[in-house]
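Here are the chains, one letter per residue:
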Amino acid sequence: MSWADRSGMTVPFWSPAEIDGALRGIVAHLAERRVLAYPTETVYGFGTAVDQASIDALVRMKGRPPGKPFLLLIGDPQQVHRLDLHLPPYAAHLAARFWPGPLTLVLSGGDGRVPPRLRGPEGGVAVRFTPHAGLQRLLRFYGEPITSTSANRPGVPPAMAASEIIAQWPEEIRAGLLHVLDGGRLVPSAPSTVVDCTGRRPRIIRPGVLSAPVLRTIVPDLVGDT
């Protein structure tokens, strides 16, 4: 049996033994500049290595329109520094309190290290330190961030189970362009709160799990509400 399950459609990614057994195959798949589907703390995501060719493969597969960037998932805060992204003091305070967790920080910097397709309208790069234990293990083993976007066709709700991805993307899976990590059915939850950290003051640009009053216990001059 290969690193995928007997159906050849998914890779078991639930128990610690399954996760550890899948890591080398996952890294090899990412090195081939192909797309990975994986469970997160909220929904299933699609991701790739952080290079232009990999991101182009994801854009083609999902049909992502211009102007909609992908965020980065990290398994270690040092991965932010290795990409030369700038963590201002207030962002460092937020990260120290809420990472890993449902907080996405939009950071400046990364010139020459981060492909332009990952930058939003304000020029920043969105980063989240995922609290999903299996994904953390993968990211630490891989040693680099991966891109992240919801695993769904346009107009279809984000996938909450591997079976939903199989139903929507069977040809890509059979062709080996997409590997699906099956972490079971996820429990519905609110999205992460997104805070723009590219300016002098932090600013909420998407409400989520962490409310403005909670964030203001760490950064009192936060702009915006949830």
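A quick note: this is a predicted structure, and the numbers were derived from the prediction, not measured.

### Concerning the overall build of the protein
Link 1 in the chain: When helices and strands are counted, the protein shows 8 helices and 11 strands.
Link 2 in the chain: Projected onto its principal axes, the C-alpha coordinates of the protein cover approximately 55 × 35 × 35 Å.
Link 3 in the chain: Within the protein, contacts between residues separated by at least 24 positions form 62% of all contacts whose residues are at least 6 apart in sequence.
Link 4 in the chain: Total accessible area on the protein is roughly 10,100 Å²; 56% of this is exposed by carbon and sulfur atoms.
Link 5 in the chain: Taking the 24 positively charged and 19 negatively charged side chains of the protein as two groups, their mean positions are separated by 3 Å.

### Notes on the pattern of salt bridges
Link 1 in the chain: Scanning the entire structure with this criterion turns up 11 salt bridges.
Link 2 in the chain: One salt bridge connects E32 with R34, and the closest N-O pair in it is separated by 3.8 Å.
Link 3 in the chain: Since its relative accessible area comes to 30%, R34 is described here as partly exposed.
Link 4 in the chain: When the shortest N-O distance is used, the salt bridge between R113 and D84 registers 3.5 Å. Of this pair, R113 sits in the loop between β6 (103-109) and β7 (125-129) while D84 sits in the loop between α3 (78-82) and β5 (85-86); the two residues are 29 residues apart in sequence, bridging distant segments of the chain.
Link 5 in the chain: On the basis of relative accessible area, R113 is assigned to the partly exposed category, the value being 39%.
Link 6 in the chain: On the accessibility criterion, D84 (45% relative accessible area) is partly exposed.

### What to know about the environment of H132
Link 1 in the chain: Mapped onto the elements, H132 comes out in the loop between β7 and α5 (133-142).
Link 2 in the chain: Separated by 117 residues in the primary sequence, H132 and S15 have C-alpha atoms spaced 13 Å apart.
Link 3 in the chain: Excluding residues within four positions of it along the chain, H132 makes contact with F13, P39, T40 and E41.
Link 4 in the chain: Within polar-contact distance, the side chain of H132 engages the backbone nitrogen of G134 at 3.2 Å.

### Notes on the pairing of strand β9 (residues 178-182)
Link 1 in the chain: Of all 5 residues in β9, 4 are buried, a share of seventy percent or more.
Link 2 in the chain: Relative to β9, strand β1 (residues 11-12) runs parallel, the two sharing 2 bridges. Across the sheet, the residue bridging to P12 is D182, located in β9.
Link 3 in the chain: Here strand β2 (residues 35-39) pairs with β9 via 3 bridges, running parallel. Bridging across to β9, A37 finds its partner in V180.

### A look at unusual backbone geometry
Peptide bonds are trans in most cases, and residues, glycine excluded, mostly fall at negative phi.
Link 1 in the chain: A cis geometry characterises the amide bond from W99 onward to P100, with omega recorded as -10°.
Link 2 in the chain: In this model, D84 sits at a positive phi of 60°, which is unusual for a non-glycine residue.

### Quick notes on the side chain of S148
Link 1 in the chain: Considering the arrangement of structural elements, one finds S148 in strand β8 (residues 146-150).
Link 2 in the chain: Assessed through its relative accessible area of 10%, S148 is described here as buried.
Link 3 in the chain: A distance of 3.1 Å separates polar atoms of two side chains, one belonging to S148 and the other to Y38.
Link 4 in the chain: Excluding its chain neighbours within four sequence positions, the residues that come into contact with S148 are Y38, F46, F70, L71 and L73.

Reading guide: rules and limits
Residues numbered from 1 in each chain as written. Predicted model: local features only at pLDDT ≥ 70, side-chain atom pairs only at ≥ 80, totals over all residues. Heavy atoms only, no water. Helix = DSSP H or I, 4+ residues; strand = E, 2+ residues; numbered from the N terminus. Contact = heavy atoms within 4.5 Å. Areas by Shrake-Rupley, 256 points an atom, 1.4 Å probe, with all protein chains shown as cover. Lys, Arg positive; Asp, Glu negative; His and termini not counted. Charge placed at Lys NZ, Arg CZ, Asp CG, Glu CD. Salt bridge = Lys/Arg side-chain N within 4 Å of Asp/Glu carboxyl O. Buried < 20%, exposed > 50% of the residue type's maximum accessible area, 1.4 Å probe, protein only. Polar contact = N/O pair within 3.5 Å; in protein donor to acceptor, adjacent residues only side chain to side chain. Pairing = 2+ DSSP bridges.

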